[in-house]
Amino acid sequence: MPNASRSIRFQIRFLCLLLILSGWHITAECGVIYVDNRAGNNSFNGIALKTTNGKNGPVKTIQRALEYAGPGDKIILINNDLPYEEALTLSGKRHSGLGKEKFTILGNGATISGAIPVPQNGWRKLDDGLWKVTPYRKGYFNLYLDGKPVPEFKPSSGEALQLSEIPAGKWAVHHGSIFYREQKNQQPWMESFSLAGKSVGLSLIDVSGVQISDVTFENFRVDGINVHDRCKEIVLDKVTCTGNGRCGLSVNGTSQVEVIDSKLIDNRVEDLLITEQGVANVKQTQLGKEIEVKP
């Protein structure tokens, strides 16, 4: 970001803070940053929706916007039907609210994806239509075709997995690898298969006054959203977490989250996981599985 733009943004935030500390009741929009993963450029300053002149225009990545952002800022994503392939972290006062202004990420229906393509040479052909691919990272797994989760085959409780029992069009995990049985006339190496690659879509730690709206977090290896610890006044509004390897939303430590009009569905292990003293106030939200609460 150019020094002049950074200086102006800092001066506005400093003025907001002085007014609040002086007892003024204000609603100040301390900064808006636009992100466009198709037309944006990370050398731009992010202060304009469209490229105008010089460095005025949207940035290309959400990560760049987070580098520019300060307390109470709003990050607005342009939805180009092209997933943002990023893993994000909000941490500390810089990514928290300021006065009455929440730190906001407004997705406009955009998707943030953790999927990575399976390269053609990543598949190993076995016998009887069975194929094998070995993810680089272990622990949690998921397999997608054209961005949608492929059904997983799980043996009956207490029974060992037999590779010969995997049905066509399904997959299973065995000794750190994914085994998939092809469907009729299917060659997996020729299709758009992907794996859950990036670990967590959005991690929050030690933040307050944050709102995430109208965005989908999908196909991450562990969690779609992980509210780690010491987070309060967190609002998830019209957020979808789906197809993630462990859970859609994890609330941990002493964190408190309000989930409104959202969808936590079709995640591999849990849709909503609450641990320790975490609190999740869920309203008008679709859950595919019962809430899991762990001490």
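Coordinates for the structure precede this section.
Residues numbered from 1 in each chain as written. Predicted model: local features only at pLDDT ≥ 70, side-chain atom pairs only at ≥ 80, totals over all residues. Heavy atoms only, no water.

Points about the nonpolar core
Right, so step 1: I75, L90, L204, I212 and I225 are the most contacted members of the largest nonpolar core, which has 40 residues in total.
Right, so step 2: In this structure, L90 is in contact with L66, H95, F103, I105, L202, S203, L204, I205, V207, V210 and I212, ignoring residues within four places of it in sequence. (Core = buried A, V, L, I, M, F, W, Y, C linked by side-chain atoms within 4.5 Å. Buried < 20%, exposed > 50% of the residue type's maximum accessible area, 1.4 Å probe, protein only. Contact = heavy atoms within 4.5 Å.)

A short note on the sheet that holds strand β11 (residues 177-181)
Right, so step 1: Taken together, the four strands give an open sheet; going across it, the order is β6-β7-β11-β10, and neighbouring strands pair in antiparallel fashion. Pairing within the sheet leaves two strands with one partner each, and these edge strands are β6 (124-125) and β10 (171-174).
Right, so step 2: Where strand β7 (residues 130-133) and β11 come together, four bridges link them in antiparallel fashion. Each bridged residue has a counterpart across the sheet, and for W131 the counterpart in β11 is Y180. (Pairing = 2+ DSSP bridges. Helix = DSSP H or I, 4+ residues; strand = E, 2+ residues; numbered from the N terminus.)

Let's talk about the sheet that holds strand β23 (residues 292-294)
Right, so step 1: A sheet is described by the order of its strands in space; here six strands give the open sequence β3-β13-β15-β17-β20-β23, paired in parallel fashion. The two strands at the open ends of the sheet, each matched to only one other strand, are β3 (88-91) and β23. Across the sheet, the mean angle separating the axes of adjacent strands is 15 degrees when strand polarity is ignored.
Right, so step 2: Alignment of β3 against strand β13 (residues 200-205), held across four bridges, turns out to be parallel. When the sheet's bridge partners are listed, T89 is paired in β13 with S203. (Axes fitted to C-alpha atoms, helices over the stretch in contact; angles between N-to-C directions.)

With respect to the side chain of D271
Right, so step 1: Inspection of the secondary structure puts D271 in strand β20 (residues 270-275).
Right, so step 2: For D271, a relative accessible area of 0% corresponds to the buried category.
Right, so step 3: Within the structure, the side chain of D271 is placed 2.8 Å from the backbone nitrogen of K289, a separation counted as a polar contact.
Right, so step 4: The contact partners of D271, leaving out residues within four places of it in the chain, are C247, G248, L249, L264, I265, D266, L287, G288 and K289. (Polar contact = N/O pair within 3.5 Å; in protein donor to acceptor, adjacent residues only side chain to side chain.)

This is a description of form; function is not addressed.
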